[in-house]
Amino acid sequence: MRLISPDWLPNLSKANDAHKYDHGHAVILAGGPGKGGAARLCARAALRVGAGAVTVLCESAALPENAARLDAIMLGLCDTPGDLRERMADPRISALCLGPGMGLGAAQATLLSDALDLSQGRSLVLDADAITHLARTPDMAQKVHKACLLTPHAGEFARLFPKIAARLDAPARNGPAYSKLDATRDAARQIGATVLFKGPDTVIAAPDGQTALHAAVYDRAAPWLATAGAGDVLAGLICGLLARGYAPFEAACWAAFLHVECGRAFGPGLTADDLPDMLPGVLARLTAQV
């Protein structure tokens, strides 16, 4: 297990002669009309962290509201699973995020199932509603692959990994106690993908047993991150780093660190909308320290 610190953060600068698609194309699947805010937060974070291009896919009925709120981020229609398959035929797409504001209907479950099939060989962030779909449909959970990265909070973790969560919550009758580190490591092995178990003590584990801890406590506490939409921004940071070619475990570790740094840089009064805009200053400061 290692503690996440700035000492081993990557150099996120870009080559002078690079094309936008040299830095990856992230695709975020949005919810229906009136439910696109989470995907927009996710997309803005992916673009800020350096993905060369970001596209939000949404239903036709949700296109006007997303177009009114997004400029640098591209838009595409996704009314049917066939639309998703057509989009994913683009070889420039390097990472996909599903879950933020996605919805829990049967149509969304079908899109998730197809995305798991179509994402073989590409990175896929599964957040929020996507995790709930997996918990409801064990057969779909079997499609999760090693390029996937799941970002559950405690409630979602308990839904997807009920036996592991029950063991974690049980009182310790004898030592050593079963810890959040142990639970996240076991969950990653069970699902066959990287798991980021959110909280002030965020734990990241890969299916091969690699484990890292990011503790936002003491002088690194960021209580302002307990705000609606902050998790969607974290998912976007991860998706953007995955789009740039970083491995799931590394992308999760670095995103967790940057997420807290942005929260600490803003301080009291933070809303999720503020987080992506704090990233340039945070990255500039970290780069100057190297």
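Up top you'll find the structure we're talking about.
Basis of the calculations
- Residues numbered from 1 in each chain as written.
- Predicted model: local features only at pLDDT ≥ 70, side-chain atom pairs only at ≥ 80, totals over all residues.
- Heavy atoms only, no water.
- Buried < 20%, exposed > 50% of the residue type's maximum accessible area, 1.4 Å probe, protein only.
- Helix = DSSP H or I, 4+ residues; strand = E, 2+ residues; numbered from the N terminus.
- Pairing = 2+ DSSP bridges.
- Right-handed = clockwise from strand over helix to strand, strands pointing away.
- Phe/Tyr/Trp six-rings, centres within 6.5 Å; stacked < 30°, edge-to-face > 60°.
- Lys NZ or Arg CZ within 6 Å of the ring centre and 35° of its normal.
- Axes fitted to C-alpha atoms, helices over the stretch in contact; angles between N-to-C directions.
- Parallel < 35°, antiparallel > 145°, perpendicular 65-115°, else oblique.
- Contact = heavy atoms within 4.5 Å.
- Nonpolar A, V, L, I, M, F, W, Y, C, P; charged D, E, K, R; others polar.
- Salt bridge = Lys/Arg side-chain N within 4 Å of Asp/Glu carboxyl O.
- Core = buried A, V, L, I, M, F, W, Y, C linked by side-chain atoms within 4.5 Å.

### A word on the pairing of strand β5 (residues 93–98)
Part 1: Burial analysis of β5 places 6 of its 6 residues in the buried class, the great majority of the element.
Part 2: Direction of pairing for strand β2 (residues 25–29) relative to β5: parallel, over a ladder of 4 bridges. Across the sheet, the residue bridging to histidine 25 is isoleucine 93, located in β5.
Part 3: Note: β5 against strand β6 (residues 123–126), 4 bridges, orientation parallel. Following the sheet pairing, alanine 95 is matched in β6 by serine 123.
Part 4: Crossover β5 to β6 through helix α4 (residues 106–118) is right-handed.

### Observations concerning the sheet that holds strand β10 (residues 211–215)
Hydrogen bonds between backbone atoms are what pair the strands of a sheet, whose relative direction is either parallel or antiparallel.
Part 1: Strand order in this open sheet of 10 strands is β1-β10-β9-β8-β7-β6-β5-β2-β3-β4, and the pairing throughout is mixed. Each end of this open sheet is capped by a strand with a single partner; those strands are β1 (2–3) and β4 (74–77).

### Some details on the packing of aromatic side chains
Part 1: In the structure shown here, the tally under the stated rule is 3 aromatic pairs.
Part 2: A centroid spacing of 4.9 Å and a plane angle of 90° characterise the contact between tyrosine 246 and tryptophan 254, whose relative ring orientation is edge-to-face.
Part 3: Within the aromatic cluster, the residues linked to one another by ring pairs are Phe157, Phe161 and Phe197.
Part 4: Lying over the aromatic face of phenylalanine 197, lysine 180 brings its terminal NZ or CZ to 4.4 Å of the ring centre.

### Things to note about the packing of helix α11 (residues 248–266) against helix α12 (residues 275–289)
A pair of packed helices can be characterised by two numbers: the angle between their axes and the separation between those axes.
Part 1: Running from N to C, α11 and α12 point in directions that differ by 100°, and their axes come no closer than 8 Å. With respect to α12, the axis of α11 lies roughly perpendicular. From α11, Phe257, Leu258, His259, Glu261, Cys262, Gly263, Ala265 and Phe266 reach across to α12, where they touch Leu275, Met278, Leu279, Val282, Leu283, Arg285 and Leu286.
Part 2: Residue composition of the contact of α11 with α12, by class: 11 nonpolar, 2 polar and 2 charged.

### Here we look at the pattern of salt bridges
Part 1: Going through the model one piece at a time under the given rule, you end up with 12 salt bridges.
Part 2: Between arginine 44 and aspartate 277 there is a salt bridge, with its nearest N and O atoms 2.7 Å apart. In this pair, arginine 44 sits in helix α1 (residues 37–48) while aspartate 277 sits in helix α12, placing the two residues 233 residues apart along the sequence.
Part 3: The class for arginine 44 is partly exposed, based on a relative accessible area of 25%.
Part 4: Under the relative-accessibility criterion, aspartate 277 is labelled partly exposed at 40%.
Part 5: In this structure, lysine 143 and aspartate 117 form a salt bridge, with 3.0 Å as the shortest nitrogen-oxygen distance. Of the two residues, lysine 143 sits in the loop between α6 (138–141) and β7 (148–150) while aspartate 117 sits in helix α4, which places them 26 residues apart along the sequence.

### Section: the environment of leucine 234
Part 1: As for its placement among the helices and strands, leucine 234 is situated in helix α10 (residues 230–243).
Part 2: For the pair leucine 234 and serine 119, spaced 115 residues apart in sequence, the C-alpha to C-alpha distance is 20 Å.
Part 3: Setting aside residues up to four positions removed in sequence, leucine 234 forms contacts with Leu196, Lys198, Ala255, Ala256 and His259.

### Considering the nonpolar core
Part 1: Within the largest apolar cluster, 59 residues are counted, with the highest numbers of intra-cluster contacts made by Ile28, Val54, Leu196, Ile204, Ile238 and Leu258.
Part 2: Once residues lying within four places of it in the same chain are set aside, the contact partners of isoleucine 28 are Ala39, Cys42, Ala43, Val54, Thr55, Val56, Leu57, Cys97 and Cys239.
Part 3: Counting 39 residues, the second largest nonpolar core, distinct from the first, contains Val27, Leu96, Phe157 and Ala188.

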